[in-house]
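Listed here are the chains, written in short residue letters.
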Amino acid sequence: MPSIRLTGDIAHIMEGTRAQAADLNLTLAEDGFPVAVTIRKGPLEVLTEAESGAIFCGSRAEFFRGLTMLAARFDERPFRVRETPSLDLLGAMLDCSRNAVPTMEAAKTFLRRLSRMGYNAVLLYTEDTYEVPGQPYFGYQRGRYTYEELHALDDYADMLGIELCPCVQTLGHLNRALHWPAMRRLQDNDEVLLADSEETYSFLRQILTAASAPYRSKRIHIGMDEAHGVGMGAHLRLHGYEKPYDILRRHLKRVLDIVNELGLSPMMWSDMF
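Residues numbered from 1 in each chain as written. Predicted model: local features only at pLDDT ≥ 70, side-chain atom pairs only at ≥ 80, totals over all residues. Heavy atoms only, no water.

Caption draft 1: Summary view of the overall build of the protein. Across its full length, the protein holds eight helices and 11 strands. Dimensions of the protein along its principal axes, counting C-alpha atoms only, are 75 × 35 × 30 Å. The buried share of the protein, taken over its 273 residues, is 50%. Sequence separation of 24 or more characterises 69% of the internal contacts of the protein that already satisfy a separation of 6 or more. When the accessible surface of the protein is split by element, carbon and sulfur atoms take 52% of a total near 13,100 Å². (Helix = DSSP H or I, 4+ residues; strand = E, 2+ residues; numbered from the N terminus. Buried < 20%, exposed > 50% of the residue type's maximum accessible area, 1.4 Å probe, protein only. Contact = heavy atoms within 4.5 Å. Areas by Shrake-Rupley, 256 points an atom, 1.4 Å probe, with all protein chains shown as cover.)

Caption draft 2: The arrangement of the nonpolar core in detail. In terms of nonpolar packing, the biggest core is built from 52 residues, with Leu111 and Phe138 touching the most fellow members. Elements with a minimum of two residues in this core: strand S7 (91-95), helix H3 (104-116), strand S8 (121-125), helix H4 (147-159), helix H5 (175-178), helix H6 (198-212) and helix H8 (244-261). Leaving out residues up to four positions away in the same chain, Phe138 has contacts with Glu127, Asp128, Tyr130, Val132, Arg144, Leu174, Ala177, Met183, Phe203 and Ile207. Residues Ile13, Leu24, Val46 and Ile55 belong to the second largest nonpolar core, which totals 23 residues. (Core = buried A, V, L, I, M, F, W, Y, C linked by side-chain atoms within 4.5 Å.)

Caption draft 3: Geometry of the side chain of His251. Structurally, His251 can be placed in helix H8. We classify His251 as buried; its relative accessible area is 0%. Apart from residues no more than four positions distant in its own chain, His251 is found in contact with Thr170, Leu171, Ala195, Thr200, Tyr201, Leu204 and Met224.

Caption draft 4: Fine view of the packing of aromatic side chains. Counted under the stated rule, the structure contains eight aromatic pairs. Both rings, one in Tyr130 and one in Phe138, keep their centres 5.2 Å apart while their planes meet at 70 degrees; by these two values the pair is edge-to-face. This pair shows no difference in class: Tyr130 is buried, exactly as Phe138 is. The structure contains a cluster of three or more aromatic residues connected by ring pairs, namely Tyr130, Phe138 and Phe203. The side chain of Arg77 reaches across the aromatic face of Phe33, ending 4.9 Å from its centre. Between the NZ or CZ atom of Arg254 and the centre of the ring of Tyr201, over which it lies, the distance is 4.2 Å. (Phe/Tyr/Trp six-rings, centres within 6.5 Å; stacked < 30°, edge-to-face > 60°. Lys NZ or Arg CZ within 6 Å of the ring centre and 35° of its normal.)

Caption draft 5: Region of interest: the pattern of salt bridges. Evaluation of the coordinates by the stated rule reveals 23 salt bridges. Between Arg112 and Glu105 there is a salt bridge, with its nearest N and O atoms 3.8 Å apart. The salt bridge partner of Asp155 is Arg216, with a shortest N-O separation of 2.9 Å. Taken as a pair, Asp155 in helix H4 and Arg216 in the loop between H6 and strand S10 (219-221) lie far apart in primary sequence, 61 residues in all. In this structure Asp155 comes out as partly exposed when scored by relative accessible area, which is 32%. Owing to a relative accessible area of 44%, Arg216 belongs among the partly exposed residues under this scheme. Here the salt bridges do not stand alone but share partners, grouping Arg60, Asp154, Asp155, Asp158 and Arg216 into one network. (Salt bridge = Lys/Arg side-chain N within 4 Å of Asp/Glu carboxyl O.)

Caption draft 6: Main features of the pairing of S8. The buried count for S8 comes to five of five residues, which makes it a mostly enclosed element. Taking every second residue as pointing to the same face, both faces of S8 are buried, with Ala121, Leu123 and Tyr125 on one and Val122 and Leu124 on the other. Sheet analysis places S7 next to S8, joined by five bridges and oriented parallel. Bridge pairing in S8 places Gly91 opposite Ala121. In the sheet, S8 pairs with strand S9 (residues 163-167) via five bridges, with the strands oriented parallel. Across the sheet, the residue bridging to Leu123 is Cys165, located in S9. One crossover worth recording links S8 to the parallel S9 by way of H4, and it is right-handed. (Pairing = 2+ DSSP bridges. Right-handed = clockwise from strand over helix to strand, strands pointing away.)

Caption draft 7: A look at the environment of Asn99. Position of Asn99 relative to the elements: it lies in the loop between S7 and H3. Judged by relative accessible area, Asn99 falls into the exposed class, the value being 72%. For the pair formed by Asn99 and Arg142, sequence separation is 43 residues and the distance between their alpha carbons is 7.8 Å.

Caption draft 8: Summary view of H8. Its 18 residues give H8 an end-to-end C-alpha distance of 26 Å, which sits within 8% of 26 Å, the value for a rise of 1.5 Å per residue. Here H8 has its buried residues at Ile247, Leu248, His251, Leu252, Val255, Ile258 and Val259. The buried residues of H8 occupy an angular sector of 130 degrees when projected down its axis, which confines them to one face. H8 presents Lys253, Asn260 and Glu261 as exposed residues on the side facing more than 90 degrees away from its buried surface. Where H8 is buried, its residues meet H6, S10, helix H7 (234-239) and strand S11 (265-267). A positive phi of about 70 degrees marks Gly263, the residue just after H8. (Expected span 1.5 Å × (residues − 1). Arc of directions from axis to C-beta.)

Without other data, these values stay purely geometric and don't point to any function.
Structure, rendered in structure tokens:
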């Protein structure tokens, strides 16, 4: 098992390095192979000579990719690798809404793996699998994450150079929440929230506040995809027929009003539009 000693710009990477070491089959020791770390603008560079090495990187996320390359090619010394990232933000989505919710340890393993590949953003997709104060049936018996758990995951991701972002739903994909009798007043149909209802927007303010609270990031994904049948259920009975596009556009504006009030930067899926 290779043993290394990091020097240089290491104050903000050592905790993450210790978390990654076992996965990379590395040990950290004072008498280990010396690797100088320099955080600066420019391409990622990993280079080694017979007796020492260096990693030049622009961020913590780039460092962990560089460390991974160093570990993978440690026995090939000397070598030199140079990469220029094509994207400022490289992200993946972890689906936490299908059957079992990933355990904390599984989510942390996922974050470590993405960090080693150079990812610097992760969307945590939670339809109703997070805790909302005042909404006991939201995520009921679904293994929902608590505020404390999400805050701990956010800390862990930050340690690895990853921006963890909430990814929720603000129109469709809410069958598991809406099927409870206590939530049916918010239904347009079995999957979709009732647009143009003040109760719906009060509920959305609650869930968007709760969804964003545990995270450092000000980005939030508001979903809005696959809202099939919008305007064709309770909305039709209450208001008569309208073009679904008009309802969607009006609903999106109300959701964005809430997002802006909370000081968040939204993303959404595009399929319904």
